[in-house]
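One letter stands for each residue in the lines below.
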Amino acid sequence: MNGKILPVTDLREEEEGIIHSIAGGRALASRFAGMGISVGAGVKVLRSRRGPLILLVSDTRVALGRGEAEHILVFRTKSRRPEAAVPEKPPERILAALLGQPNVGKSTVFNILTGLSQHVGNWPGKTVEKKEGIHVSGDREIRIVDLPGTYGLTAFSEEEKVARDFIIGEYPDVIVLIVNAAALERSLYLLSELLLLGPPVIVAVNMIDLAESQGIHVDINALQKSLGIPVIPMVAKRNTGIRELVTDIVRLAEGKLDYHPHIPEVRSDHKDVFLDISREIRDALPGSYMIPWITTKIMEGDAEVSKKMEEVLAPEAWSRIQSVLIKHEDSHQAVVGGRYGWIENVTRASIRRFKRGQVLKTDRIDRFLTRPLFGIPALIGILAVVFFLTYRIGFPVQSLLESVLSDISRLAESALGAAPSWLKGLLLDGIIAGVGSVLTFLPVLIIFFTALAILEDVGYMARAAFVMDRFMHLVGLHGKSFIPMCLGFGCNVPAVLGARIVESPKARLLTVILAPFVPCTARLAVLAVVTAAVFGRQGGIISWSLVALNIIILGLGGTLISRWALKGESMPFIMELPLYQPPDLRTIGRAVWSRTCAFIRKAGTVILAVSIALWLLSSFPGPGIEESFLGRIGKILEPVGSPIGLDWKMLVALITSLIAKENAVASLGVLYGVGREGLRTVLAQSVTPASALSFLVVLMLFVPCAATLAVMRQEITDRKWFYGTIAGMLLISYAAGFAAYRLAFLLFQ
């Protein structure tokens with residue numbers, strides 16, 4: 001071992017070290033600890049050339065921004081190195097909580113157990129998604145709550161707060177902790193915190209097959225003996241171990257399993273500190289909090305727990321606690337060190353592994369995909385293939401559906417021969433023309449959702465975020481924000497919700513603000529239809545130019561906002577890089593099915609209602625559209641559209657796109673009286689190139705659909721930012737439309 005202490009950033013690729021200390025404050029140290037980065041842990045540098053680093057710590061690949069990595073000080077080396085209460089009587093209905101770190105297969109287990117009985121919502125007062133469902137085993141009904149994926153139970157993020165508040169407040173009958181067999185040490189860190197909270201825990205060791213393929217063998221019996229709690233081996237994607245897990249949930253809840261957990265302790269040189277703080281808080285403990293857990297959180301410097309205890313303790317008692325902590329400033333390291341000492345004892349007898357110098361398949365692939373020279377072209381190529389497949393396959397199928405829709409319209413017209421004219425108009429021009437035009441987008445959406453689900457499932461999206469980190473910094477974000485941005489090409493709703501993976505509140509806010517500028521599939525479909533109809537062979541160039549315009553506006557807007565309005569906060573980049581694995585068809589199928597069903601529900605409810613309302617407004621009091629209510633509304637607004645070349649019909653189409661972007665097509669179909677001729681033929685005859693270009697520019701940059709606005713309002717808690725964002729979009733879209741209209745006169749006149 002080299003005695004010199006140096007930042008981990010000074011190590012070269014393939015060099016190893018042992019962590020000596022961590023600077024940067026307790027909050028960063030707590031975050032690092034949850035990822036397995038702690039004093040005494042071995043670390044190997046896998047990538048260090050420019051930009052973020054990739055480290056191998058406790059068999060886990062972690063991507064770190066260079067600024068965060070500089071806080072990790074290492075020695076260079078060539079080697080590494082209270083009981084819970086069981087319920088007295090069986091509960092009539094078992095409450096089980098699923099908990100685990102990201103990328104351990106928790107969602108797969110939850111989907112298998114609950115099937116179609118799932119209910120998805122949000123935790124009260126939070127923007128974190130809440131999933132729960134029912135599983136019936138014999139005469140027992142198990143209510144299963146899928147807690148957010150989290151690396152620890154320190155109040156660092158909303159997910160961690162939600163998970164620990166649920167466990168403390170609801171006190172579930174059983175907690176199932178899903179861990180990754182290939183990164184067991186890192187996963188057991190969460191268990192070391194969980195055991196202090198009280199409820200009985202079952203450890204489900206998932207991905208046993210993946211661990212074996214990486215040369216890691218987990219002795220389940222030895223692990224169970226070391227922990228003193230039930231341990232179940234699993235391969236969730238193959239449905240292996242699920243039945244045994246359910247059996248143990250019921251037996252543990254009924255008190256029929258031995259449960260004698262070996263609780264981790266603080267480092268031996270700080271046991272007196274632990275006991276002193278425990279004595280001070282014993283008589284003032286709030287609710288169902290456990291003394292060991294509260295004590296360790298105070299020693300860690302957990303801001304939320306410390307504030308709560310300061311409120312309930314006598315001033316003298318809190319002052320004595322602070323005096324103890326001041327004398328022992330390394331108390332946080334004593335807690336973390338005690339946990340990793342416990343983890344080492346647990347795993348020493350239960351894990352056999354390959355030599356760390358062995359090159360894995362994941363490392364070989366990452367040597368190519370995480371280097372800027374190869375990684376960025378690879379990312380561009382992969383996304384190009386995704387879009388090529390989406391539109392190359394999707395558009396012909398869409399055209400086929402349009403032909404089917406036209407045949408259905410003819411058959412419906414024949415069947416309604418003697419029906420009143422208003423009924424014919426409602427069915428043919430309202431429902432079929434409106435909703436039908438939107439449903440033809442399904443092939444494009446399904447292909448895109450499938451491609452992204454595959455990339456996410458095999459582990460590539462985390463690498464995409466890594467290689468994009470440097471470029472995302474130009475707009476005030478880091479690589480993790482690239483993942484929700486990429487989702488935006490499918491739909492802006494999951495893009496806005498996906499911003500929750502960004503820990504920094506300001507970075508999360510900026511991601512939410514910028515996500516709607518990513519052109520979703522609905523906008524791209526409208527873009528393709530209009531450009532093909534009006535611009536013919538030049539349609540492809542026009543389409544890609546407008547997509548590029550959106551990306552440029554996104555970049556410029558992000559740069560301005562981050563430097564002027566959201567400046568002053570550093571945005572750490574800490575992200576796990578999961579092992580590559582074969583795609584799981586069941587997981588991919590569920591993701592595609594869920595997103596597709598959400599789109600169909602929107603088409604069958606919101607868009608159907610809008611299409612009917614549009615037809616009614618465009619048909620009455622008549623005669624003709626121009627004399628209808630809708631025509632009158634459009635003509636009132638026509639002076640606003642005149643400078644940008646939009647007539648009242650196009651203005652109405654823009655307004656209806658606020659409900660759903662697909663409504664722009666439905667509205668144009670109704671307002672221009674498509675009938676049997678088809679929308680593309682009618683648009684080519686009715687709209688000039690200059691007006692079409694202006695319309696598309698405004699549509700691409702316009703205020704997003706109602707569903708996106710709803711989740712934006714939910715995610716942006718400050719009203720000023722929410723309404724300011726909407727106002728900014730209106731101004732940008734109008735100014736860009738004006739410029740495009742004037743430019744089009746030069747190009748097409």
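Residues numbered from 1 in each chain as written. Predicted model: local features only at pLDDT ≥ 70, side-chain atom pairs only at ≥ 80, totals over all residues. Heavy atoms only, no water.

A closer look at the overall build of the protein chain
Consideration 1: Within the protein chain, the secondary structure is distributed over 32 helices and 16 strands.
Consideration 2: Among the 749 residues that make up the protein chain, the fraction classed as buried is 58%.
Consideration 3: Total accessible area on the protein chain stands at roughly 31400 Å², and carbon and sulfur atoms take up 60% of it. (Helix = DSSP H or I, 4+ residues; strand = E, 2+ residues; numbered from the N terminus. Buried < 20%, exposed > 50% of the residue type's maximum accessible area, 1.4 Å probe, protein only. Areas by Shrake-Rupley, 256 points an atom, 1.4 Å probe, with all protein chains shown as cover.)

Topic: the nonpolar core
In summary, soluble globular proteins display a tendency toward joint burial of nonpolar side chains.
Consideration 1: Ranked by internal contacts, the top residues of the largest apolar core, which has 104 residues, are Leu379, Leu477, Phe482, Leu693 and Phe695.
Consideration 2: In terms of residue count, helix H30 (residues 689–701) provides more of this core than any other element does, 10 residues in total. (Core = buried A, V, L, I, M, F, W, Y, C linked by side-chain atoms within 4.5 Å.)

As for the pairing of strand E11 (residues 174–180)
Within a regular strand, the side chains alternate between the two sheet faces.
Consideration 1: Burial within E11 is extensive, with seven of its seven residues counted as buried.
Consideration 2: Side chains of E11 alternate between two faces, with Val174, Val176, Ile178 and Asn180 and Ile175, Leu177 and Val179 buried alike.
Consideration 3: Of the strand pairs in this sheet, strand E7 (residues 93–100) and E11 are connected by five bridges, and their pairing is parallel. Bridge pairing links Leu99 to Leu177 in E11.
Consideration 4: In the classification by handedness, the crossover that spans E11, the intervening helix H5 (residues 184–194) and the parallel strand E12 (residues 201–206) is right-handed. (Pairing = 2+ DSSP bridges. Right-handed = clockwise from strand over helix to strand, strands pointing away.)

Here we look at the side chain of Glu193
Consideration 1: With respect to the helices and strands, the residue Glu193 is situated in helix H5.
Consideration 2: A residue is classified by how much of its surface remains accessible, and Glu193, at 1% relative accessible area, is buried.
Consideration 3: Only 3.1 Å separates the side chain of Glu193 from the backbone nitrogen of Leu153, close enough to count as a polar contact. (Polar contact = N/O pair within 3.5 Å; in protein donor to acceptor, adjacent residues only side chain to side chain.)

Digging into helix H11 (residues 303–312)
Consideration 1: Listing the buried residues of H11 in full gives Val305, Ser306 and Met309. For H11, the arc enclosing every buried residue in end-on projection is 100°, short of the 170-degree limit, so these residues lie on one face. The outward face of H11, more than 90 degrees from its buried face, is lined by the exposed residues Ala303, Lys307 and Glu311.
Consideration 2: Against the buried residues of H11 lie helix H4 (158–170), helix H9 (271–281), helix H10 (291–300) and helix H12 (315–327).
Consideration 3: The N-capping residue of H11, defined by a side-chain oxygen 3.1 Å from the backbone nitrogen of Glu304, is Asp302. (Arc of directions from axis to C-beta. Contact = heavy atoms within 4.5 Å.)

So, the packing of aromatic side chains
We describe a pair of aromatic rings using the distance from one ring centre to the other and the angle between the two ring planes.
Consideration 1: According to the stated counting rule, one finds three aromatic pairs in the structure shown.
Consideration 2: For the ring pair Phe368 and Phe374, a centre distance of 5.4 Å and an interplane angle of 25° mean the geometry is stacked.
Consideration 3: The positively charged end of Arg463 is found above the aromatic ring belonging to Tyr580, 4.2 Å away from the centroid. (Phe/Tyr/Trp six-rings, centres within 6.5 Å; stacked < 30°, edge-to-face > 60°. Lys NZ or Arg CZ within 6 Å of the ring centre and 35° of its normal.)

Details of a nonpolar patch on the surface
Consideration 1: Taken together, the side chains of Val385, Phe388, Leu389, Ile393, Val397 and Leu401 present a nonpolar region at the surface, about 490 Å² in accessible area.
Consideration 2: Structurally, Leu401 is set in helix H15 (residues 372–415).
Consideration 3: Assessed through its relative accessible area of 32%, Leu401 is described here as partly exposed. (Patch = residues over 30% accessible without salt bridge, like charges linked within 9 Å, V, L, I, M, F, W, Y side chains within 5 Å. Salt bridge = Lys/Arg side-chain N within 4 Å of Asp/Glu carboxyl O.)

Description of unusual backbone geometry
Consideration 1: In this structure, Tyr171 takes a positive phi of about 45° despite not being glycine.
Consideration 2: Assignment of secondary structure puts Tyr171 in the loop between H4 and E11.
Consideration 3: Positive phi, normally seen in glycine, also occurs at Met207, with a value near 60°.
Consideration 4: Structurally, Met207 can be placed in the loop between E12 and helix H6 (208–213).

Quick word on the packing of helix H26 (residues 629–641) against helix H27 (residues 648–656)
Consideration 1: At a minimum axis separation of 8 Å, H26 and H27 run at an interaxial angle of 100°. Viewed along their axes, H26 and H27 adopt a mutual orientation that is roughly perpendicular. Residue-level inspection shows Leu630, Gly631, Gly634, Lys635, Leu637, Glu638 and Gly641 of H26 in contact with H27, the latter providing Trp648, Leu651, Val652 and Ile655.
Consideration 2: By residue class, the composition of the contact of H26 with H27 is six nonpolar, three polar and two charged. (Axes fitted to C-alpha atoms, helices over the stretch in contact; angles between N-to-C directions. Parallel < 35°, antiparallel > 145°, perpendicular 65-115°, else oblique. Nonpolar A, V, L, I, M, F, W, Y, C, P; charged D, E, K, R; others polar.)

With respect to the confidence of the model for the protein chain
Low-pLDDT portions of the prediction should not be read for the details of their coordinates.
Consideration 1: Put simply, the protein chain has an average pLDDT of 80, and 87% of its residues get 70 or more.
Consideration 2: Confidence over residues 79–89 falls short of pLDDT 50; this stretch has 30 contacts with residues more than four positions distant or in other chains.
Consideration 3: Within the model, the stretch residues 123–127 combines pLDDT values under 50 with 14 contacts to residues more than four positions away or in other chains. (pLDDT = per-residue confidence, 0-100.)

Observations concerning the packing of H10 against H11
Consideration 1: One can describe the packing of H10 onto H11 by two numbers: an axis separation of 8 Å at closest approach and a directional angle of 110°. For the element pair H10 / H11, the angle class is roughly perpendicular. The crossing of H10 and H11 is left-handed. Every residue of H11 that contacts H10 at Trp293, Ile294, Lys297 and Ile298 is listed here: Val305, Ser306 and Met309.
Consideration 2: Its residues placed into classes, the contact of H10 with H11 shows five nonpolar, one polar and one charged. (Left-handed = near helix turned anticlockwise from the far one by under 90°.)

Looking at the environment of Val397
Consideration 1: Mapped onto the elements of the fold, Val397 is located in helix H15.
Consideration 2: Taking relative accessible area as the criterion, Val397 reaches 34% and is therefore assigned partly exposed.
Consideration 3: Between the C-alpha atoms of Val397 and Thr440, which are 43 residues apart in sequence, the distance is 8.3 Å.

Let's talk about the pattern of salt bridges
Consideration 1: Under the defined criterion, the tally for this structure stands at 18 salt bridges.
Consideration 2: Residues Glu265 and Lys271 are paired through a salt bridge, measuring 3.2 Å at the closest nitrogen-oxygen approach.
Consideration 3: The exposure class assigned to Lys271 is partly exposed, which follows from its relative accessible area of 36%.
Consideration 4: Within the structure, one salt-bridge network assembled from shared partners comprises Glu193, Lys297, Glu300 and Arg339.

Points about the side chain of Asn550
Consideration 1: Relative to the assigned elements, Asn550 resides in helix H24 (residues 539–565).
Consideration 2: A residue is classified by how much of its surface remains accessible, and Asn550, at 0% relative accessible area, is buried.

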